[in-house]
Amino acid sequence: MPIVEGWYTDARRVESPNCNERPEGAEISLLVIHNISLPPGDYHSNSVEAFFCNRLDPSAHPYFETIATLQVSAHCFIRRSGELIQFVPFQARAWHAGRSEFEGEGECNNYSIGIELEGTDTEPYTDQQYGALAEISSELLEKYPKITRYRIVGHSDIAPNRKTDPGPSFDWHRYRAML
């Protein structure tokens, strides 16, 4: 099986310090799809990787000055090319959702896995990203049976007053048909 000790064997592994243990008794039961690009709309740097590892240089771009002190991570990040990078083992709590709620249960980081797509709310995602996302999602559905197709959501679904990602450019029908 491609998930070994919480790590997806087909991903490049870059460990983020921005994670911790899930609360006792928390069961992984939600998959959250996000988007990110740093600076926004730029797909030609390693800034997301630096950001998730607390190495973002605030002097490299004016936008970075506003986020450089944040401690954020996701379990996985899928670049425009389809390259998958994993930052946090699935059994650990990544810091991706922030203040959030799903079906009346708050603090989604406690029981979710977060996957970031390199992109913006308004620019279409690539075929390679959909392929990589469907592949890892299928593995997660198999490994964590409490994650059902119904329990795959966007960041906007769990934090609707704060977040808009993955945005209207994300084709949910296409993605779900690939699972």
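Right above here is the structure, for reference.
Residues numbered from 1 in each chain as written. Predicted model: local features only at pLDDT ≥ 70, side-chain atom pairs only at ≥ 80, totals over all residues. Heavy atoms only, no water.

**Let's talk about the sheet that holds strand 6 (residues 76–78)**
Piece 1. One open sheet holds the six strands; their spatial order is 3-7-6-11-5-12, and the pairing between them is mixed. Edge strands, defined here as strands with exactly one partner in the open sheet, are strand 3 (12–13) and strand 12 (152–154).
Piece 2. With two bridges joining them, strand 3 and strand 7 (residues 84–86) adopt parallel strand pairing. Bridging across to strand 7, R12 finds its partner in I85. (Pairing = 2+ DSSP bridges. Helix = DSSP H or I, 4+ residues; strand = E, 2+ residues; numbered from the N terminus.)

**Things to note about the environment of D121**
Piece 1. If you trace the backbone, D121 turns up in the loop between strand 11 (112–118) and helix 3 (127–143).
Piece 2. Counting along the chain gives 45 residues from D121 to P166, while the straight-line C-alpha distance between them is 5.6 Å.
Piece 3. Aside from chain neighbours lying at most four places away, what touches D121 is N35, T164, D165, P166, G167, P168 and S169.
Piece 4. Side-chain polar atoms of D121 contact the side chain of N35, separated by 2.8 Å.
Piece 5. At a separation of 2.2 Å, a polar atom in the side chain of D121 contacts the side chain of T164. (Contact = heavy atoms within 4.5 Å. Polar contact = N/O pair within 3.5 Å; in protein donor to acceptor, adjacent residues only side chain to side chain.)

**Points about the pattern of salt bridges**
Piece 1. If you walk through the whole model with that rule in mind, you get nine salt bridges.
Piece 2. Note that E83 is salt-bridged to R12, the shortest N-O span being 2.8 Å. Pair noted here: E83 is in the loop between strand 6 and strand 7 and R12 is in strand 3, with a separation of 71 residues, a long-range link.
Piece 3. Among the ionic pairs, E123 bridges to R80, the shortest N-O distance being 3.6 Å. Taken together, the positions of E123 in the loop between strand 11 and helix 3 and R80 in the loop between strand 6 and strand 7 put the pair 43 residues apart, joining distant regions of the chain.
Piece 4. A residue is classified by how much of its surface remains accessible, and E123, at 33% relative accessible area, is partly exposed.
Piece 5. Counted as one network, the salt bridges with shared partners bring together R12, E49 and E83. (Salt bridge = Lys/Arg side-chain N within 4 Å of Asp/Glu carboxyl O. Buried < 20%, exposed > 50% of the residue type's maximum accessible area, 1.4 Å probe, protein only.)

**Some thoughts on the side chain of T126**
Piece 1. In this structure, T126 sits in the loop between strand 11 and helix 3.
Piece 2. Under the relative-accessibility criterion, T126 is labelled buried at 18%.
Piece 3. One polar contact links the side chain of T126 to the main-chain carbonyl oxygen of R80, over a distance of 2.7 Å.

**Considering the packing of aromatic side chains**
Given two aromatic rings, their pairing is described by the distance between the two centres and the angle made by the two planes.
Piece 1. What the rule picks out here adds up to nine aromatic pairs.
Piece 2. Each member of the aromatic cluster is reached from another via a ring pair, and the members are Y125, Y130, F170, W172 and Y175.
Piece 3. When the ring centre of W7 is taken as reference, the NZ or CZ atom of R13 above it lies at 3.9 Å.
Piece 4. Directly above the ring of Y43 sits R80, whose terminal nitrogen or CZ lies 4.4 Å from the centroid. (Phe/Tyr/Trp six-rings, centres within 6.5 Å; stacked < 30°, edge-to-face > 60°. Lys NZ or Arg CZ within 6 Å of the ring centre and 35° of its normal.)

**With respect to the side chain of S137**
Piece 1. Locating S137 in the fold gives a position in helix 3.
Piece 2. You can call S137 buried: its relative accessible area is 0%.
Piece 3. S137 has contacts with L31, Y175 and L179, leaving out every residue within four places of it along the chain.

**Some points on the environment of A159**
Piece 1. Note that A159 resides in the loop between helix 4 (155–158) and helix 5 (172–178).
Piece 2. Sequence-wise, A159 and I85 are 74 residues apart; in three dimensions their C-alpha atoms are separated by 24 Å.

**A short note on the pairing of strand 5 (residues 30–36)**
Piece 1. Of all seven residues making up strand 5, seven are buried, and the element is well covered by its neighbours.
Piece 2. Of the two faces of strand 5, the one carrying L30, V32, H34 and I36 and the one carrying L31, I33 and N35 are both buried.
Piece 3. Of the strand pairs in this sheet, strand 5 and strand 11 are connected by seven bridges, and their pairing is parallel. Bridged to I36 within strand 11 is E118.
Piece 4. As judged from the three bridges shared by strand 5 and strand 12, these two strands associate in the parallel manner. Each bridged residue has a counterpart across the sheet, and for V32 the counterpart in strand 12 is V153.

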